[in-house]
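# Working through the structure, step by step
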Amino acid sequence: MGNTKKISSNEKFHFWGIKIPISYVFLALILAIAATYLYTTSIDTKRTEANSDTPINDSPYLIKRMSGYKFIRPLISAKPIYEYPGYEKIKKSISDLILSYQDKGIVSSVSFYMRDFDQSNWIAINNSERYFLGSIIKIPI
């Protein structure tokens, strides 16, 4: 029969010509796995804090991400926090129109929101104004 070798607890591992006990190799492996786990969980915690729905690092965007995944957080939306200054002329003309209708008594309150869906630029007038849901339902019609 073949030559069988019995493995004892004193077995040594040869690494670059140095004899290292097997128990030291297993201990180093376990420590490396534990260190990797602790490092990756701390990174995941930092990412979760950074991906909340609030602006981070003075970012001009409100970023919303999907949760429920272990390694990724897919982007749902990125909306500019501030109104687009390029729409100031439009905003001024609409505000003037609203004021003229209020002076004539045609309307009592108006709220206006415009968004460019290609670039996500937006403006709003009286955006805190309350309105009836039925008014929103008519928009597609």
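Residues numbered from 1 in each chain as written. Predicted model: local features only at pLDDT ≥ 70, side-chain atom pairs only at ≥ 80, totals over all residues. Heavy atoms only, no water.

### Section: the pattern of salt bridges
- For the structure on display, the rule yields two salt bridges.
- Here Glu83 ties to Lys91 by a salt bridge, and the two come within 2.7 Å at their closest N and O atoms.
- Since its relative accessible area comes to 25%, Glu83 is described here as partly exposed.
- Taking the shortest distance from any N to any O, the salt bridge between Asp96 and Lys92 comes out at 3.2 Å. Of this pair, Asp96 and Lys92 both sit in helix H2 (residues 88–104), four residues apart, roughly one helical turn.
- What makes Asp96 partly exposed here is its relative accessible area of 37%. (Salt bridge = Lys/Arg side-chain N within 4 Å of Asp/Glu carboxyl O. Buried < 20%, exposed > 50% of the residue type's maximum accessible area, 1.4 Å probe, protein only. Helix = DSSP H or I, 4+ residues; strand = E, 2+ residues; numbered from the N terminus.)

### So, the packing of aromatic side chains
- Inspection of the entire model under this criterion finds two aromatic pairs.
- Geometrically, the ring pair formed by Tyr84 and Tyr87 is edge-to-face, given 4.9 Å between the ring centres and 75° between the ring planes.
- Between Lys79 and the ring centre of Trp122, over which it is positioned, the NZ or CZ distance is 5.0 Å. (Phe/Tyr/Trp six-rings, centres within 6.5 Å; stacked < 30°, edge-to-face > 60°. Lys NZ or Arg CZ within 6 Å of the ring centre and 35° of its normal.)

### Section: the confidence of the model for the protein
- Averaged over all residues, the pLDDT of the protein is 78; the fraction at 70 or higher stands at 73%.
- Least confident of the elements in the protein is strand E1 (residues 12–15), whose mean pLDDT is 66; most confident is H2, at 94.
- Counted against residues more than four places away or in other chains, residues 46–51, with its pLDDT under 50, gives four contacts. (pLDDT = per-residue confidence, 0-100. Contact = heavy atoms within 4.5 Å.)

### A look at unusual backbone geometry
- Within the chain, Ser120 stands out as a residue other than glycine whose phi angle is a positive 65°.
- Positionally, Ser120 belongs in the loop between strand E5 (112–116) and strand E6 (121–125).
- You will see that Asn126, though not glycine, has its phi angle at about 50°, which is positive.
- You can see Asn126 is positioned in the loop between E6 and helix H3 (133–137).
- We classify Asn126 as partly exposed; its relative accessible area is 38%.

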